[in-house]
Amino acid sequence: MKTKQIDAREEKDLAKILKPAAKAITEGKLVLMPTETVYGLAANALDSQAVKSIFIAKGRAQDNPLIVHIADFSMLDNLVEEIGEIEQKLMNVFWPGPLTIILKKKDIIPSVTSAGLDTVGIRMPSNQIARVLIQQAKVPIAAPSANISGRPSGTNLADIRQEFEGKVAYRIDGGECDIGLESTVVRVIDKKVHILRPGKITAEQIAKVTGDVVIDKHVLGKIEKDEIIRSPGMKYRHYAPKTKCMLIYGTDKEKMIKYINQQIQANPNSLVIGRKENLPYYQTDKKLELGTTLEEISKNIFTLLRKVDTYQVDIALIEGVEKQGLGLAIMNRLLRACEYNYIEIL
Ligand code: TXA
Ligand code: MG
């Protein structure tokens with residue numbers, strides 16, 4: 001299959017320019033689609049064959065369910081059983097936006113989409129290109145993050161172009177994703193919101209709407225053998241470069257910098273990924289800028305992780321952030337990228 005590119009970055013008439021990509025979706029083909037979080041590998045969520053080809057293109061494990069994207073509330077009733085009061089509140093406040101809600105699915109959703117579960121994760125993205133594409137295709141769109149399984153998610157087209165060359169009918173260029181980390185995934189259990197995957201919509205923001213929030217222990221913790229896993233995606237190796245990575249964090253900035261410099265002394269062939277203002281203090285010339293604010297950091301992380309292996313260093317030393325607000329999502333991704341090789345400096 002030949003991949004065609006659509007540049008939708010400055011486009012005013014999205015409906016027109018996205019028509020061929022929407023047609024490809026209805027014909028069961030795959031499309032690279034921008035969203036406000038990360039790029040998605042999109043297909044008709046109701047077409048088992050099309051969804052199967054997502055799993056093949058990504059090399060994704062068959063027991064890892066896909067998120068189904070809708071453009072408006074009218075698409076929802078057809079897909080899920082009754083919606084609880086708490087879920088409804090979450091939708092009213094956070095949709096459209098980077099929040100995925102796990103709900104009881106109707107039979108119309110094929111089991112390959114939900115990986116055999118009786119639930120499905122639904123999200124209404126706020127990105128205009130994604131919304132118009134769904135509207136034009138007139139079907140809900142299943143879209144995992146656009147990356148080969150195990151690799152960092154794609155937050156711009158340049159990072160993922162090669163991974164999907166010839167595997168998709170269209171790639172839509174929507175520029176750099178606004179957020180850079182995947183959506184927050186939640187499920188209501190016994191009237192409490194459980195965060196299965198942290199994201200831009202934070203636990204603190206959700207708690208303001210629904211009261212107490214439970215952060216699933218696998219958000220920061222490793223999965224032990226035979227444990228029950230509420231979100232299958234957490235089981236798999238994620239985001240990790242081939243290069244060994246170490247995550248280091250301390251509230252005392254000077255101590256953290258000192259520790260990282262000791263690591264560099266022990267192994268001069270190290271790369272440091274740190275906050276912009278800290279970089280001058282590191283005694284190596286191999287440095288990458290993490291950004292300064294949590295928003296900048298979340299935007300940069302996946303592209304930075306993709307760069308690590310190009311440096312051919314023995315180790316990448318990565319500064320962590322506080323595990324609060326958006327910081328929880330950043331640390332969730334970095335812990336996995338470092339395969340839990342984490343030092344907290346007290
Ligand atoms: O921001 C996002 O959510 C992006 C964009 C493209 O929308 N999509 C995304 O999809 O990150 P994916 O497939 O890379 O991650 C989906 C996560 C996985 O960890 C999966 O296990 C979990 O959501 N998930 C999906 N359906 C679920 C379900 N029914 N129950 C529990 N977890 C579910
Ligand atoms: Mg993913």
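Every chain is numbered independently, its residues counted from 1 as its sequence is written. Whichever chain is written first becomes A and whichever ligand is written first becomes 1, with later ones labelled in order. Totals for whole chains, interfaces and linings use all residues, but because this is a predicted model, local features are given only for residues with pLDDT of at least 70 and pairs of side-chain atoms are given and counted only at 80 or more. Side-chain descriptors were evaluated using all non-hydrogen atoms of the structure, hydrogens and water having been removed beforehand.

### Let's talk about the overall build of the protein chain
- Put simply, DSSP H or I for four residues or longer makes a helix, DSSP E for two residues or longer makes a strand, and each gets a number counted from the N terminus. Scanning the protein chain from terminus to terminus reveals ten helices and 16 strands.
- For the protein chain, the C-alpha radius of gyration of 20 Å lies close to 20 Å, the compact-globule estimate for 346 residues.
- When the backbone C-alpha atoms are referred to their principal axes, the protein chain occupies close to 60 × 50 × 40 Å.
- For every residue, the accessible area (1.4 Å probe, protein chains only) is compared with the maximum for its type, and the residue is labelled buried under 20%, exposed over 50%, or partly exposed between those bounds. Buried residues in the protein chain amount to 56% of all 346 residues. All radius of gyration figures rest on C-alpha atoms, and the globule criterion is 2.2 Å times the number of residues raised to 0.38.

### Focus: the domain arrangement of the protein chain
- Where each domain starts and ends comes from a domain assignment, either automatic or drawn from a database. Along its sequence, the protein chain is carved into domain 1 (4-215) and domain 2 (245-345).
- Taking only C-alpha atoms into account, the centre of domain 1 sits 29 Å from that of domain 2.
- Listed by partner, the interface residues are 26 residues for domain 1 and 15 residues for domain 2.
- Buried area: the accessible surface (1.4 Å probe) lost by two parts on joining, summed over both. Summed over both sides, the interface of domain 1 with domain 2 buries roughly 1600 Å², with 56% coming from carbon and sulfur. Two residues qualify as a contact provided that any one of their heavy atoms is within 4.5 Å of a heavy atom in the partner residue.

### Quick word on the sheet that holds strand S13 (residues 270-275)
- Paired strands are those between which DSSP finds at least two bridges. Across the sheet, which stays open at both edges, the five strands sit in the order S14-S13-S15-S12-S16 with parallel pairing between neighbours. The sheet terminates laterally at strand S14 (287-291) and strand S16 (342-345), the two strands that pair on one side only. Each strand of the sheet is rotated relative to its neighbour by a mean of 20°, with strand direction disregarded.
- Of the strand pairs in this sheet, S13 and strand S15 (residues 315-319) are connected by four bridges, and their pairing is parallel. What sits directly across from Ile273, in S15, is Ile318.
- Packing against the sheet, helix H9 (residues 294-308) makes contact with strand S12 (244-250), S13, S14 and S15, and its axis sits at approximately 150° to S14. A fitted line through C-alpha atoms serves as each axis, taken over the contacting stretch for helices, and the angle formed by two N-to-C directions is quoted from 0 to 180°.

### Here we look at the pattern of salt bridges
- A side-chain nitrogen of Lys or Arg and a carboxyl oxygen of Asp or Glu constitute a salt bridge if their distance falls within 4 Å. Going through the model one piece at a time under the given rule, you end up with eleven salt bridges.
- We note a salt bridge from Glu163 to Arg306, for which the minimum N-O separation is 2.7 Å. In this pair, Glu163 is assigned in the loop between helix H6 (157-160) and strand S8 (170-173) and Arg306 in helix H9, connecting sequence segments 143 residues apart.
- Residue classification places Glu163 among the buried residues on the basis of a relative accessible area of 14%.
- Three or more residues joined by partner-sharing salt bridges are found here, namely Asp7, Arg9 and Asp173.

### Side note on the site of ligand 1
- By convention in this text, a residue qualifies as near a molecule or strand provided that one of its non-hydrogen atoms is within 4 Å of it. Residues in close proximity to ligand 1 total 26 residues, the closest being Thr37, Asn64, His69, Ser183 and Gly233.
- For the purposes of these results, a polar contact is taken to be a pair of N or O atoms within 3.5 Å, where, inside protein, one atom must be able to donate a hydrogen and its partner to accept one; residues adjacent in sequence count only when each atom of the pair is a side-chain atom. Within the side chain of His69, a nitrogen or oxygen atom sits 2.6 Å from an oxygen atom of ligand 1.
- Between a nitrogen atom of ligand 1 and a side-chain N or O atom of Thr119, the distance comes to 3.0 Å.
- Using a 1.4 Å probe, the Shrake-Rupley method yields the accessible areas, and only the shown protein chains count as cover for residues. Contact with the protein chains removes 97% of the 680 Å² of surface that ligand 1 exposes when unbound.
- Among the elements of the structure, strand S4 (67-69) and strand S6 (119-123) are those that each provide at least two residues to the shell around ligand 1.
- Considering every element that reaches the shell around ligand 1, the biggest residue donor is S6, with four residues.
- Of the residues in the shell around ligand 1, the class split is eleven nonpolar, ten polar and five charged. Basically, the charged four are Asp, Glu, Lys and Arg, the nonpolar ten are Ala, Val, Leu, Ile, Met, Phe, Trp, Tyr, Cys and Pro, and anything else, Gly included, counts as polar.

### Focus: the packing of helix H2 (residues 19-26) against helix H5 (residues 128-137)
- Packing of H2 against H5 leaves a shortest axis separation of 8 Å and a crossing angle of 55°. Of the possible angle classes, the one that applies to H2 and H5 is oblique. As H2 runs across H5, the sense of the crossing is right-handed. Counting all contacts with H2, which are made through Lys19, Ala21, Ala22, Ile25 and Thr26, the residues of H5 involved are Leu133, Gln136 and Ala137.
- Here the residues of the contact of H2 with H5 are counted per class, giving five nonpolar, two polar and one charged. In these notes the angle categories are as follows: under 35 degrees is roughly parallel, over 145 is roughly antiparallel, 65 to 115 is roughly perpendicular, and the rest is oblique. Rotating anticlockwise by less than a right angle from the far helix to the near helix defines a left-handed crossing, while the corresponding clockwise rotation defines a right-handed one.

### Let's talk about the environment of Ala43
- The topology assignment puts Ala43 in strand S3 (residues 40-44).
- A relative accessible area of 0% means that Ala43 is categorised as buried.
- On a C-alpha basis, the gap between Ala43 and Val139 in space is 9.3 Å, while along the polypeptide they are 96 residues apart.
- Excluding anything up to four places from it in sequence, Ala43 contacts Ile25, Lys29, Leu30, Ala50, Ile54, Pro140, Ile141 and Ala142.

### Examining the sheet that holds strand S1 (residues 4-7)
- One open sheet holds the eleven strands; their spatial order is S1-S8-S2-S3-S7-S4-S6-S5-S9-S10-S11, and the pairing between them is mixed. Two strands close off the open sheet at either side, each with one partner strand: S1 and strand S11 (213-215).
- Here S1 pairs with S8 via four bridges, running parallel. Bridge pairing in S8 places Lys4 opposite Tyr170.
- Contacts between H5 and the sheet are confined to strand S2 (31-33), S4, strand S7 (141-142) and S8, with S2 contributing the most and set at about 140° to the helix.

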